Structure formats: structure tokens, C-alpha cells
Amino acid sequence: MKKQFTILLLLTCLMFQACAQTTTSKTSKSTSMKPSLSKPENPYYSNTDTKKINIPNSEWKKVLSPDLYAVAREADTERAFTGTMWNSETKGTYYCAACGNLLFKSNQKFVSSCGWPSFFEQENKESITFKPDNSYGMQRIEANCGRCDSHLGHLFDDGPAPTGKRYCMNAISLDFVPENQ
Ligand SMILES: [Zn+2]
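The structure displayed is predicted, hence computed values, not measured ones. (Residues numbered from 1 in each chain as written. Predicted model: local features only at pLDDT ≥ 70, side-chain atom pairs only at ≥ 80, totals over all residues.)

Observations regarding the sheet that holds strand S2 (residues 102-105)
Where we set the bar: By the convention used here, strands pair only if DSSP detects at least 2 bridges between them. Elements are defined by DSSP. Helices are runs of H or I of four residues or more, strands are runs of E of two residues or more, and each kind is numbered from the N terminus. Throughout, an axis means a line fitted to C-alpha atoms (over the contacting stretch in the case of helices), and angles, computed between N-to-C directions, take values from 0 to 180 degrees.
With antiparallel pairing, three strands are arranged side by side in an open sheet as S2-S1-S9. A strand with exactly one partner marks an edge of an open sheet, and here the two such strands are S2 and strand S9 (174-178). Taken pair by pair, the neighbouring strands of this sheet meet at an average axis angle of 25°, ignoring direction. The pairing of strand S1 (residues 92-96) with S9 spans five bridges and is classified as antiparallel. When the sheet's bridge partners are listed, Gly-92 is paired in S9 with Pro-178.

Re unusual backbone geometry
How we decide: Put plainly, a residue is buried at 20 or more neighbouring C-beta atoms within 10 Å of its own, exposed at 12 or fewer, and partly exposed in between, counting only other residues' C-beta atoms, which are placed from the backbone.
Cis peptide bonds are those with omega within 30 degrees of zero, and the linkage from Ala-161 to Pro-162 qualifies with 10°. Position of Pro-162 among the secondary structure elements: in the loop between strand S7 (151-156) and strand S8 (166-169). Located in the positive-phi region is Ala-75, a residue other than glycine, with phi close to 55°. Among the secondary structure elements, Ala-75 is positioned in the loop between helix H3 (66-74) and S1. The exposure class assigned to Ala-75 is partly exposed, which follows from the 17 C-beta atoms found within 10 Å.

As for the environment of Phe-110
Note the threshold: Contact criterion: two residues are in contact if their C-beta atoms, reconstructed from the backbone, are within 7 Å.
When you line up the elements, Phe-110 lands in strand S3 (residues 109-110). Given 15 C-beta atoms within a 10 Å radius, Phe-110 is considered partly exposed. Put simply, Phe-110 and Glu-89 are 21 residues apart on the chain and 7.8 Å apart in space, counted from C-alpha to C-alpha. With residues up to four places along the chain from it excluded, the contact list for Phe-110 reads Ser-118, Phe-120 and Pro-160.

Digging into the pairing of strand S5 (residues 128-133)
Pairing of S5 with strand S6 (residues 140-145) involves six bridges; the strand directions are antiparallel. In the strand pairing of S6, Asp-133 is matched with Arg-140.

Some details on the sheet that holds S3
Spatially, S3-S4-S8-S7-S6-S5 is the arrangement adopted by the six strands of the open sheet, whose pairing is antiparallel. A single partner strand is all that each edge strand has here, and the edge strands are S3 and S5.

Examining the confidence of the model for the protein chain
Inclusion rule: For every residue, the pLDDT score states the predictor's confidence, bounded by 0 at the bottom and 100 at the top.
On average, residues of the protein chain score 84 in pLDDT, and 80% of them are at 70 or above. A low-confidence stretch, residues 5-32 (pLDDT under 50), is modelled with zero contacts involving residues beyond four sequence positions or located in other chains.

Some details on H3
Note the threshold: The directions from the helix axis to the C-beta atoms are what the arc is built from.
Listed as buried for H3 are Leu-68, Val-71 and Ala-72. In an axial view of H3, the angular spread of the buried residues amounts to 90°, which keeps them on one side of the axis. H3 presents Pro-66 and Glu-74 as exposed residues on the side facing more than 90 degrees away from its buried surface. Buried residues along H3 sit against S7. Once H3 finishes, Ala-75 follows within two positions and takes phi at roughly 55°, a positive value.

Put into C-alpha cells, the structure is as follows:
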């Protein structure tokens, strides 16, 4: 009889523990949820949808600002040291300004003297794609958004360890969401 009681007590304890664990993991999940941006003028924009976007430039022209359109869809390059993003070390997440695709985390960023926001690693394999760019008599690698194929900047081989890569990005092509927002 005493043995049975002990087993019952043990089971109750275990069940309580299991319940307590579930509650804890639920709480930590809700606090780690990231805020997402919304752009009412741009229906293609989403920080969570990863479905590829394939629309003509005439459509992009309607939903992007003229400055962003020039960089994102016509591979224009903004002036160096534009804004404050290039030397910002605030913790947070960087998204494609045209479609909201997750591109980088702040721990993949480094302050480069080139004057553009620079990163040594992309968030995941699909987030950024590459193609050769031989414009202006230079041989460079163009970096594009993996979701909407918008121009982001270029990839160079003179970055810091551990990758040795330097993703040199146009600040206008990036949306930044601080960690504690
Ligand atoms: Zn994009």
C-alpha cells in the first residue's frame, strides 16, 4: 500500500514537472517573437513569407520609393557614408527593404571603413543569391535578395574571419529592426 502511494506521488510530481516545463517553454517562445514591419504601400512586403516574388519592374515602380527603386531594381549604388547604418552596432535584424526577406543578424555585421553597411555572413543560404557583375570595367559579384531578386550590393573577398567575406550593402536596401523593439 505504501509502495503504491509512493508511485502515485512520484507520478504526480512528474506530471507537475512536465506541465511546468511546457509553461516555461511557452513563455520564452512568446518573448522571443520578433516584431515585423509592415508597408501598406507595398503588398509584397513580409518579414515572414519566404515565397519567391517574381513581378515586373513596372510593378516594383508602383510600390517602392524612387530612391529604393533605383538601387533595388536598377543596381544603382548610393553614396558611401549615407545615413548611420554603416557604423551602427545596435543588436537587431536586417531585412530586404523591397520585400522584407530576412538577410542578416547584427552579429554578422562589422564596421567597415568602406562607408556602406558590411557583413561577413548571410543569415541563411537562401537569403542572398549571387551573380557575376562586369559593369564599369570591374569584375565583381553582385549580391541580390534571395526572395525578390532585388539588388542589395556586392560581395568581396576582403572581409574578416571566420568567412573572409565582405557583403557590402546599400543602406537603403536594408530595413533594420532593433532587438528590443
Ligand atoms: Zn527582397
